[in-house]
Amino acid sequence: MNNSRLVKISKYLSKHLRHTPEILGLQLSPGGWVNVDEFLAACQNHNFPIQLNELKTVVAENDKQRFSFDSTGTLIRANQGHSVEVDLQLAPSIPPDLLYHGTGKGVLESIINSGICKMSRHHVHLSANIETARKVGARHGLPVVFTIAAAAMYNQGYIFYCSENGVWLVEEVPPEYLKVTELKDYSRT
């Protein structure tokens, strides 16, 4: 299977498991789960057939580990990033002292003034390392990486979750808990 097919399937999964399951006639169960057979049938019915082996490959090889199967292999979900209402059934977790958030330079001033908001998503997404945050930020133009004082936030009552693929989630990051760590044009190095 070629890489462009894997990318198309991954984008299709993101769209329908995170944002628009209803277009396929699906409803996310608690935890964000969908029956694999029902999902594959819905894809077929909407002129985007996916074979089970392709689905397994995308789940296993997605560089961001966006999707997972349950322990039985009969259910699939997106691990985070939903814009539709869903209870991912994540348990609160104690974060490390520092976490990171990558975004594009275009929102730098807004974040410095107002903090990081979840926008249309359920949570703000944070990374455990700068490199991951930098890659996320590069998807939005010139990357900016913020360091988040996660332990300080936690000590003030903010609730953190860690998704199955290691993405840290929180409702918001007020400006007093963040600082610009990195603002560099990597295309010129």
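Structure shown above.
Residues numbered from 1 in each chain as written. Predicted model: local features only at pLDDT ≥ 70, side-chain atom pairs only at ≥ 80, totals over all residues. Heavy atoms only, no water.

1. Regarding unusual backbone geometry
In plain terms, the rule: Only DSSP runs of H or I with at least four residues qualify as helices, and only runs of E with at least two residues qualify as strands; both kinds are numbered from the N terminus onward.
A positive phi is found at asparagine 47, a non-glycine position, where the angle reads about 60°. With respect to the secondary-structure elements, asparagine 47 resides in the loop between helix H2 (36–45) and helix H3 (52–61).

2. What about the environment of glutamine 65?
Rules: The classification of residues rests on relative accessible area computed with a 1.4 Å probe and restricted to protein chains. Under 20% of the type maximum is buried, over 50% is exposed, and intermediate values are partly exposed. Whether two residues touch is decided by their heavy atoms; if any such pair falls within 4.5 Å, the residues are in contact. In the analysis that follows, any N or O atom pair within 3.5 Å is treated as a polar contact, provided that within protein one partner can donate a hydrogen and the other can accept it, and provided that, for residues neighboring in sequence, both atoms belong to side chains.
Among the secondary structure elements, glutamine 65 is positioned in the loop between H3 and strand E2 (67–69). Residue classification places glutamine 65 among the partly exposed positions, given a relative accessible area of 33%. Put simply, glutamine 65 and glutamine 44 are 21 residues apart on the chain and 24 Å apart in space, counted from C-alpha to C-alpha. Aside from chain neighbours lying at most four places away, what touches glutamine 65 is Val59, Ala60, Asn79 and Asn165. A distance of 3.2 Å separates a polar side-chain atom of glutamine 65 from the backbone oxygen of alanine 60.

3. A closer look at the sheet that holds strand E4 (residues 92–93)
Selection rule: Two strands pair if DSSP finds at least two bridges between them.
A sheet is described by the order of its strands in space; here four strands give the open sequence E4-E9-E10-E7, paired in antiparallel fashion. Whereas interior strands pair on both sides, the edge strands pair on one side only; in this sheet they are E4 and strand E7 (124–126). Relative to strand E10 (residues 168–170), E7 runs antiparallel, the two being bridged by three bridges. By the bridge assignment, leucine 126 is partnered in E10 with tryptophan 168.

4. So, H2
To keep things clear, this is the line we draw: The arc in question is the one spanned by the directions pointing from the helix axis to the C-beta atoms.
Those residues of H2 that fall on the buried side of the exposure criterion are Val36, Phe39, Leu40, Ala42 and Cys43. Each buried residue of H2 sits inside an arc of 160° when the element is viewed along its axis, so together they form one side. Exposed side of H2, more than 90 degrees from the buried face: Asp37, Glu38 and Asn45 are the residues found there. Of the surrounding elements, those touching the buried residues of H2 are helix H1 (3–19), strand E1 (34–35), H3, E2 and strand E3 (75–78). Of the residues flanking the start of H2, the one acting as N-cap is asparagine 35, its side-chain oxygen 2.9 Å from the backbone nitrogen of aspartate 37. Count one or two residues on from H2 and you reach asparagine 47, which has phi positive near 60°.

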